[in-house]
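Descriptive analysis of the structure
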Amino acid sequence: MSKKYKLILASNSPRRKELLAGLGIPFEVRTLQDIDESYPADLPVDQVALYISGKKADAYRATLAPDELVITADTVVIVGKEILGKPVDEADATRMLRLISGRTHQVTTGVCMLTTSAERRFAVTTDVTFKPLSDDEIHYYITHYKPFDKAGAYGIQEWIGYVGVTSLKGSYYNVMGLPVQRIYETIRQLDI
């Protein structure tokens, strides 16, 4: 689809690779090491993912050729005013899953699409509601799926999503880590 640009996905995430591949657009994966993903403590939680995806894109700015378009993304899970990152261990994953149990939380993905001559930044938010999860369900999921590489300690496309998610308002693919519909539309706009 993209005639002007070679697409570059700046992510090692297998889910993001799978989602972008679903658009049927050729792309390559290019990653840089040690990109600073910190953010100011007073930054509103709903702006954190966009801020970090912008920092990631800035790290690629000097490496881009005129015919390349890099896509960076960052996904955060927000419960109230708290951002749930990737759990550090089983106890942390259990805490996070108990926190989202029986309530609605937000998943926000910030995306930056950068060329040498244009830049588009946007964030997509999806509301996800979980049923009350039992301790047995939480333990089963953590033991069998080891969600230590996932923000909020869960993957919606895994067992916990099948049995726990009662409603979704917004993009399912955003919850997986990449709002592909919005990316598709942005690529079309950049190619005009």
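First things first, this report covers the structure right here in the doc. (Residues numbered from 1 in each chain as written. Predicted model: local features only at pLDDT ≥ 70, side-chain atom pairs only at ≥ 80, totals over all residues. Heavy atoms only, no water.)

Position of D92 relative to the elements: it lies in helix α3 (residues 90-100). A distance of 3.1 Å separates the side chain of D92 from the backbone nitrogen of V88, its partner in a polar contact. Of the polar contacts made by the side chain of D92, one reaches the side chain of R95; its length is 3.2 Å. Those residues in contact with D92, other than ones at most four positions away along the chain, are K86 and P87. (Helix = DSSP H or I, 4+ residues; strand = E, 2+ residues; numbered from the N terminus. Polar contact = N/O pair within 3.5 Å; in protein donor to acceptor, adjacent residues only side chain to side chain. Contact = heavy atoms within 4.5 Å.)

This paragraph deals with the pattern of salt bridges. Inspection of the entire model under this criterion finds 17 salt bridges. A salt bridge links D74 to K56; its shortest N-O distance comes to 3.3 Å. You can see D74 sitting in strand β3 (residues 68-79) and its partner K56 sitting in helix α2 (residues 48-60), a full 18 residues away along the chain. Judged by relative accessible area, which is 11%, K56 ranks as buried. A salt bridge links D135 to R98, with the shortest nitrogen-to-oxygen separation between them at 3.2 Å. Within this pair, whereas D135 is found in helix α4 (residues 135-145), its partner R98 is found in helix α3, the two being separated by 37 residues in sequence. Using a relative accessible area of 48% as the deciding quantity, one classes R98 as partly exposed. What emerges from the salt-bridge pattern is a single network uniting R15, D149, K150 and E158. (Salt bridge = Lys/Arg side-chain N within 4 Å of Asp/Glu carboxyl O. Buried < 20%, exposed > 50% of the residue type's maximum accessible area, 1.4 Å probe, protein only.)

On to the nonpolar core. Counting 40 residues, the largest nonpolar core has I71, L97, M113, Y154 and I183 as its most contacted members. With 5 residues, β3 is the single largest residue contributor to this core. In this structure, A10, A57, C112 and L114 belong to the second largest nonpolar core, which totals 8 residues. (Core = buried A, V, L, I, M, F, W, Y, C linked by side-chain atoms within 4.5 Å.)

This part covers the packing of aromatic side chains. Applying the stated criterion across every chain yields a total of 4 aromatic pairs. Residues F130 and Y154 carry aromatic rings whose centres are separated by 5.0 Å and whose planes lie at 80 degrees to one another, so their mutual orientation is edge-to-face. Linking F130 in strand β6 (residues 119-130) with Y154 in the loop between α4 and α5 (159-164), this pair joins segments that are 24 residues apart in sequence. Each member of the pair F130 and Y154 is classed as buried. (Phe/Tyr/Trp six-rings, centres within 6.5 Å; stacked < 30°, edge-to-face > 60°.)

Moving on, we get to the pairing of β3. Consecutive residues of a regular strand have side chains that alternate between opposite faces of the sheet. Within β3, 12 of the 12 residues are buried, which leaves the element mostly enclosed by the surrounding structure. Where burial is concerned, the two faces of β3 agree: the one with E68, V70, T72, D74, V76 and I78 and the one with L69, I71, A73, T75, V77 and V79 are both buried. In terms of strand pairing, strand β1 (residues 6-9) meets β3 through 4 bridges, oriented parallel. Considered in β3, the bridge of L9 is made with I71. Looking at chain direction, β3 and strand β5 (residues 104-114) are connected through 9 bridges and run antiparallel. When the bridges of β5 are listed, A73 appears paired with V111. Here β3 pairs with strand β4 (residues 82-84) via 3 bridges, running antiparallel. Bridge pairing in β4 places V77 opposite L84. Joining the antiparallel neighbours β3 and β4 is a turn of 2 residues, in which G80 adopts a positive phi near 65 degrees. (Pairing = 2+ DSSP bridges.)

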